[in-house]
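The residues making up each chain are set out below.
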Amino acid sequence: QVQLVESGGGLVQAGGSLRLSCAASGRTFGSYVMGWVRQAPGKERKFVAAISAGGGRTYYTDSVKGRFTISRDNPKNTVYLQMNSLKPEDTAVYYCAAKSIPEPYYSVNYDYWGQGTQVTVSS
């Protein structure tokens, strides 16, 4: 029901910033929890951030707290991940994801996934 398309990835030096965008289809976008999950080469997917359906609550993995901000614009069916003070260890493919069951928020289990966008942070 939900189709997700990420954009905004790229190559950036340590300390720089990127903003990822996720465009979602569907008139029920506002009913889904949205999240960002990343996967480094040879590693398993790990939770990065999530936002409640209405946007009132956000959740982050400890390693990105204070640096990343997840937000959503429900009328535009869009989710964002603002990434500041990027570190080489942030290098990964970043996936936008959606799920209908809100809990748990700290999760890599989602119903819908985008294609992923590469983020590479050089030192």
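From a predicted model like this one, the values you see are computed outputs, not experimental measurements.

## Some remarks on the overall build of the chain
Looking only at helices and strands, one finds 0 helices and 11 strands in the chain. Ordered by position in the sequence, the α and β elements of the chain form the string β-β-β-β-β-β-β-β-β-β-β. Computed over C-alpha atoms, the radius of gyration of the chain comes to 13 Å, within 12% of the 14 Å expected from 2.2 N^0.38 for 123 residues, which places it in the range of a compact globule. Of the contacts made within the chain by residues no fewer than 6 positions apart, 59% connect residues no fewer than 24 positions apart.

## Some points on the pattern of salt bridges
Going through the model one piece at a time under the given rule, you end up with 3 salt bridges. Taking the shortest distance from any N to any O, the salt bridge between Asp-90 and Arg-67 comes out at 2.7 Å. One end of the pair, Asp-90, is in the loop between β8 (78–83) and β9 (92–99); the other, Arg-67, is in the loop between β6 (58–60) and β7 (68–73), and 23 residues separate them in sequence. Across the pair, exposure class does not vary: Asp-90 and Arg-67 are buried alike. Salt bridges sharing partners connect three or more residues here, namely Arg-38, Arg-67 and Asp-90.

## Side note on the side chain of Arg-67
A residue is classified by how much of its surface remains accessible, and Arg-67, at 10% relative accessible area, is buried. With sequence-adjacent residues up to four places away left out, Arg-67 is seen in contact with Gln-82, Met-83, Asn-84, Ser-85, Leu-86, Lys-87 and Asp-90.

## Here we look at the state of the cysteines
This model, assessed by the stated rule, comprises 1 disulfide. Two residues, Cys-22 and Cys-96, share a disulfide whose sulfurs are 2.1 Å apart. Disulfide Cys-22 to Cys-96: torsion about the S-S bond roughly -80°, handedness left-handed. Of the two residues, Cys-22 sits in strand β3 (residues 18–24) while Cys-96 sits in strand β9, which places them 74 residues apart along the sequence.

## Some remarks on the nonpolar core
Considering soluble globular proteins, one finds that nonpolar side chains tend to be buried as a cluster. Counting 28 residues, the largest nonpolar core has Met-34, Trp-36, Leu-81, Met-83 and Tyr-94 as its most contacted members. Those elements that provide at least two residues to this core are β3, β4 (33–39), β5 (46–51), β7, β8, β9 and β11 (117–122). Core analysis: the second largest hydrophobic core is formed by 8 residues, Val-37, Tyr-59, Tyr-105 and Tyr-110 among them.

## Some points on the side chain of Thr-117
Its place among the elements puts Thr-117 in strand β11. Dropping the residues within four chain positions of it, Thr-117 is found in contact with Glu-6, Ser-7, Gly-8, Gly-9, Leu-20, Ala-92, Val-93 and Tyr-94.

Conventions adopted
- Residues numbered from 1 in each chain as written.
- Predicted model: local features only at pLDDT ≥ 70, side-chain atom pairs only at ≥ 80, totals over all residues.
- Heavy atoms only, no water.
- Helix = DSSP H or I, 4+ residues; strand = E, 2+ residues; numbered from the N terminus.
- Rg over C-alpha atoms; globule rule 2.2 N^0.38 Å.
- Contact = heavy atoms within 4.5 Å.
- Salt bridge = Lys/Arg side-chain N within 4 Å of Asp/Glu carboxyl O.
- Buried < 20%, exposed > 50% of the residue type's maximum accessible area, 1.4 Å probe, protein only.
- Disulfide = S-S within 2.5 Å.
- Core = buried A, V, L, I, M, F, W, Y, C linked by side-chain atoms within 4.5 Å.

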